[in-house]
Structures are given as structure tokens and as C-alpha cells.
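As a plain string of letters, each chain reads:
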Amino acid sequence: MFTIEHDFDATVVTLIDDPASHRQEDVTINAFEDCVTIEQEDAQSGRLCKITLSLSQLADLTAALNLPEGVYKRKA
């Protein structure tokens, strides 16, 4: 399950893990004009873990999801 919200400066997508025996914490993706952040609370420490991707890194990730194993360089 997921939700999508449009804030003033970002689109926010929250991924909610379906009920399972080993359920993970929700993941929040914030899409800004110049970067994307991915956040998830660490259940053991209670701290928020955050990863920031540039738009170029996001484009590489998007391309990688549809490719077999290997090393690639995306054309700009």
C-alpha cells in the first residue's frame, strides 16, 4: 500500500509494508526539484535514516531496475 501527497515544495510518497510476520517500517520518498530523499525509521534505535539521491542517480536507478546484471553508463 502507498500514499501520495503534493506539498508546496515536494511530492511525498509513503510506502507502507503490508502486514507480515516481519513487517518493515514505512518508507517515505520526498521528490524535490533538485533531489529525492528516502527516509525510514530504524525500529531498534528510533532514529530516522535518510538517503539523498541526485536526479542523475535517480535516473540511473530507474534504468537499472529494467536491466540484467552488468556495468552500465547512462547517456546524458
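Quick caveat: nothing in here was measured; it's all calculated off a predicted structure. (Residues numbered from 1 in each chain as written. Predicted model: local features only at pLDDT ≥ 70, side-chain atom pairs only at ≥ 80, totals over all residues. Heavy atoms only, no water.)

K.L.:
With reference to specific residues and values, describe the overall build of the protein chain.
P.N.:
In terms of regular secondary structure, the protein chain is built from one helix and five strands. Helices and strands appear in the protein chain in the N-to-C order β-β-β-β-β-α. For the protein chain, whose C-alpha radius of gyration is 15 Å, the value lies well above the compact-globule estimate of 11 Å for 76 residues. Reported as C-alpha extents along the three principal axes, the dimensions of the protein chain are approximately 40 × 35 × 25 Å. Taken over 76 residues, the protein chain has a buried fraction of 13%. A fraction of 0% describes how many contacts in the protein chain between residues 6 or more apart in sequence connect residues 24 or more apart. For the protein chain, the accessible area works out to roughly 6400 Å², and carbon and sulfur atoms hold 56% of it. (Helix = DSSP H or I, 4+ residues; strand = E, 2+ residues; numbered from the N terminus. Rg over C-alpha atoms; globule rule 2.2 N^0.38 Å. Buried < 20%, exposed > 50% of the residue type's maximum accessible area, 1.4 Å probe, protein only. Contact = heavy atoms within 4.5 Å. Areas by Shrake-Rupley, 256 points an atom, 1.4 Å probe, with all protein chains shown as cover.)

K.L.:
Tell me about the side chain of T14, and name the residues and values.
P.N.:
Here T14 shows up in strand β2 (residues 11-15). On the accessibility criterion, T14 (14% relative accessible area) is buried. Aside from chain neighbours lying at most four places away, what touches T14 is M1, F2, T3, D26, V27 and T28.

K.L.:
Just give me the short version of the confidence of the model for the protein chain, but keep the residues and values in it.
P.N.:
Looking at the protein chain as a whole, the pLDDT averages 89, with 97% of positions reaching at least 70. For the protein chain, per-element mean pLDDT is lowest for strand β1 (residues 2-6), which scores 88, and highest for strand β5 (residues 48-54), which scores 97. (pLDDT = per-residue confidence, 0-100.)

K.L.:
Tell me about the pattern of salt bridges, and please be specific about residues and values.
P.N.:
When charged atoms on two side chains of opposite charge get close, those side chains can pair. Taken as a whole and judged by the stated rule, the model has one salt bridge. The shortest N-O distance in the salt bridge between D26 and R23 comes to 3.4 Å. Residue classification places D26 among the partly exposed positions, given a relative accessible area of 32%. (Salt bridge = Lys/Arg side-chain N within 4 Å of Asp/Glu carboxyl O.)

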